[in-house]
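Residue-level structure breakdown
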Amino acid sequence: MLEPALLNHDLDLASLALVDVETTGLSPERHRVLSIAVVLLDSSGRIESEFHTLIDPGCDPGPVHVHGLTRQVLAGAPAFSEVLPRVAGMIRQRTVVAHNAAFDMAFLDAEFRRCGGEMPVVDRMCTLALARRVAPPTVDCRLGTLAVHYGVPQRRAHDALEDSRVLAGVLLRLLADASLLGVKPPVVPSAPATKPSGAARFEPSRLGPKPPCAFRNPGRLETVLVQGMKVAITGETASSRLELTAAGDRAGLDMVGSVSRHTSLLVAHRHDGDSRKVRAAVAHGTPIVREADFLRLLANIVPGIPKSSPALREATPARTQERKPAAGPGPLAGRRILVLGGDHRTAGDIRSRVAEQGGSVAVNLSRSVSDVIVLDNGDRDPRFAKIVVLGLPIHGPELVRGEATTTAPEMAAVPDTHAVGDFVVPRELSRGQVVDLPVGDRGAEWTFRVTWAETTGYAVDVVAFVLDDEELVSGDEDMVFFNQPITPGVRLQVNSASDHGVAVCLSELPDQARRVVIAAVVDGDDVHFGDVGAIEVEVSSGDDGATVMRGTLDAATTERSLRLVEVYLRNDVWRLRSVGQGYEWGLADLATSFGVDVD
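Residues numbered from 1 in each chain as written. Predicted model: local features only at pLDDT ≥ 70, side-chain atom pairs only at ≥ 80, totals over all residues. Heavy atoms only, no water.

1. Comments concerning helix α11 (residues 344–356)
As a reminder, the rule being used: For the purposes of this entry, the term helix denotes a DSSP run of H or I that reaches at least four residues, the term strand denotes a run of E that reaches at least two, and both are numbered from the N terminus. Helix span, as expected, comes to 1.5 Å for every residue beyond the first. Type-normalised accessible area, obtained with a 1.4 Å probe on protein chains alone, sets the label of each residue: buried when under 20%, exposed when over 50%, and partly exposed for intermediate values. The directions considered for the arc run from the helix axis to the C-beta atoms.
For α11, which comprises 13 residues, the first-to-last C-alpha distance of 18 Å matches the rise-based estimate of 18 Å (1.5 Å per residue) to within 8%. Of the residues making up α11, those classed as buried are His344, Ala347, Gly348, Ile350, Arg351 and Val354. Take α11 and look down its axis: the buried residues cluster within an arc of 160°, on one side only. Away from the buried face of α11 by more than 90 degrees, exposed residues Arg345 and Glu356 are located.

Shown next, in the form of structure tokens:
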């Protein structure tokens with residue numbers, strides 16, 4: 001057990017509730033909780049109480065090979081509604097801690113809502129986000145990998161109670177490392193607070209995130225409804241908007257919040273109304289039907305073609321990139337370098353030189369940082385004292401100018417590319433670089449983690465846009481931001497005040513999606529990226545926290561929005577481009593440029 005004195009993190013351990021769930025699948029809206037464990041700590045970090053139970057989900061248990069929970073094992077287990085009072089009592093008014101907290105919290109939230117309640121939780125903290133920020137010398141940030149690194153015994157994985165106990169030990173050691181680095185525990189609200197924005201306003205047409213539609217869009221309505229059709233609703237309705245939307249979701253329709261040229265039909269009380277959606281439907285030639293006609297069509301809906309149908313998979317097989325020999329490592333290969341001080345332009349120039357010479361650029365202090373370059377006033381940075389205590393090599397700008405006089409640590413030569421499956425990808429992304437994504441099918445999920453120096457104190461919003469072949473959204477629901485954090489195929493993750501992520505699941509993107517643009521926008525009319533400094537983007541596949549590629553982008557001094565990276569489909573191959581294009585406008589103008597209707 002670590003001494004409490006080591007944990008100088010201003011975090012009340014007795015206010016935490018460590019949670020782990022096992023589930024029937026990955027979608028909180030479509031899958032269920034099979035097992036839950038809650039562990040409470042005392043003020044010294046020792047386990048004070050714990051609760052664990054299996055849950056009868058009332059459906060197929062899903063990937064038994066992962067969690068080992070068969071129908072026979074679950075027979076006789078209580079339903080979630082029966083254990084909800086016990087779970088609610090343990091987590092009430094506490095900070096819920098989990099490894100990949102967004103996943104566990106989303107499932108808990110869905111189960112509470114199914115039972116007609118809400119989670120009594122204010123804040124959450126993700127230990128996966130904390131581990132990525134601390135960056136210990138591990139191959140990935142899986143809970144089991146961290147347990148081995150920190151010497152925490154783990155008897156079996158994918159057991160909710162065992163994982164919660166292991167999490168308790170890993171948490172204390174991560175917090176100790178974070179304290180040495182000056183890293184704040186990433187405690188965030190349990191759900192992103194809705195901000196006043198003016199970027200877009202959305203009608204409350206459903207509770208919870210929009211579920212992905214499992215069927216391809218067959219086009220506009222002709223005589224019958226077909227599963228996969230995109231349906232919008234406007235105006236007054238006899239049934240509640242929530243009921244109509246839920247009925248469409250259950251029937252296999254793609255219920256959307258706005259009208260575009262891809263919309264199959266609009267349900268409206270009046271065809272000649274002054275609704276924005278009616279005007280858009282008339283402009284696009286979208287059929288308009290009354291509510292009664294929609295319900296009659298809904299009762300006789302025709303089966304659609306699933307997106308997973310073999311006949312609709314890309315005819316072109318997954319392409320294997322040629323394995324090109326890696327370029328010779330540069331003089332800074334294998335070193336991760338943090339730049340402190342200097343004006344924005346000078347610091348950006350130094351970071352560019354680090355990358356050109358094979359080094360990796362850091363924007364925050366972590367265990368992965370090997371060297372520090374200190375420019376003018378860099379010794380006034382609040383991280384400088386921690387750097388001295390850690391004994392990291394400190395250099396001036398001469399390190400990247402071939403004039404270094406200090407002795408650099410011996411580092412193993414690291415090539416600037418590496419193999420991921422059958423693909424060779426760069427370790428460091430430069431601005432404008434294009435890379436084929438190393439996937440063999442459309443099912444892969446990619447996470448783009450966007451971070452900036454937490455010491456700046458400036459607020460940055462990360463947003464994403466799902467675009468069609470004309471590089472426009474098909475509707476307002478194709479913009480993902482703080483007021484709308486989820487749309488089919490794309491999820492916004494807020495890990496801490498200076499760490500946001502965007503998860504893109506290629507198989508869940510709408511049929512018309514050809515490009516996903518990820519951008520960052522500063523919050524405040526008088527703030528620019530020159531104040532915020534460099535933005536780092538880490539690219540990973542899956543949920544193990546292992547970084548596949550990373551890049552650091554420096555916007556010029558006056559930009560307020562920055563197009564970071566984009567994933568796009570070209571010749572049946574999904575590709576990634578590092579963009580780094582800045583604009584002087586804010587979020588509303590950025591949204592408008594992609595076709596979002598800003599009220």
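That covers the picture; the talk isn't over yet.
2. A short note on the nonpolar core
Rules: By nonpolar core is meant a set of buried Ala, Val, Leu, Ile, Met, Phe, Trp, Tyr and Cys residues that side-chain atoms within 4.5 Å join together. Note on definitions: a residue-residue contact is assigned when non-hydrogen atoms from the two residues lie within 4.5 Å.
Residues Leu18, Val170, Leu171 and Leu174 are the most contacted members of the largest nonpolar core, which totals 45 residues. Considering each element in turn, this core owes the most residues, 12 residues, to helix α7 (residues 160–181). For Leu171, the contacting residues outside a window of four places in its chain are Leu16, Leu18, Leu41, Val97, Met125 and Thr127. With 41 residues, the next largest nonpolar core counts Trp446, Val460, Val516 and Leu553 among its residues.

3. Some words on the environment of Leu392
The topology assignment puts Leu392 in the loop between α12 (384–390) and β14 (394–395). Linking Leu392 and Asp371, residues 21 residues apart in sequence, is a C-alpha distance of 5.9 Å.

4. Brief notes about the pairing of strand β5 (residues 123–126)
Test applied: Whether two strands pair depends on DSSP finding at least two bridges between them.
Pairing geometry for strand β4 (residues 95–98) and β5, over four bridges, is parallel. Bridging from a neighbouring strand, Val96 pairs with Arg124 of β5. Here β5 pairs with strand β6 (residues 187–189) via three bridges, running antiparallel. Pairing of Asp123 across the sheet is with Pro189, part of β6.

5. Structural notes on helix α9 (residues 276–284)
Residues Lys277, Val278, Ala280 and Ala281 constitute the buried set of α9. Axial view of α9: buried residues confined to an arc of 160°, hence all on one face. Of the exposed residues in α9, those oriented more than 90 degrees away from the buried face are Val282 and Ala283. Residues of α9 that are buried make contact with β7 (230–234), α8 (241–251), β9 (265–268) and β10 (288–289). Positive phi appears at Gly285, one or two residues downstream of α9, with a value of about 75°.

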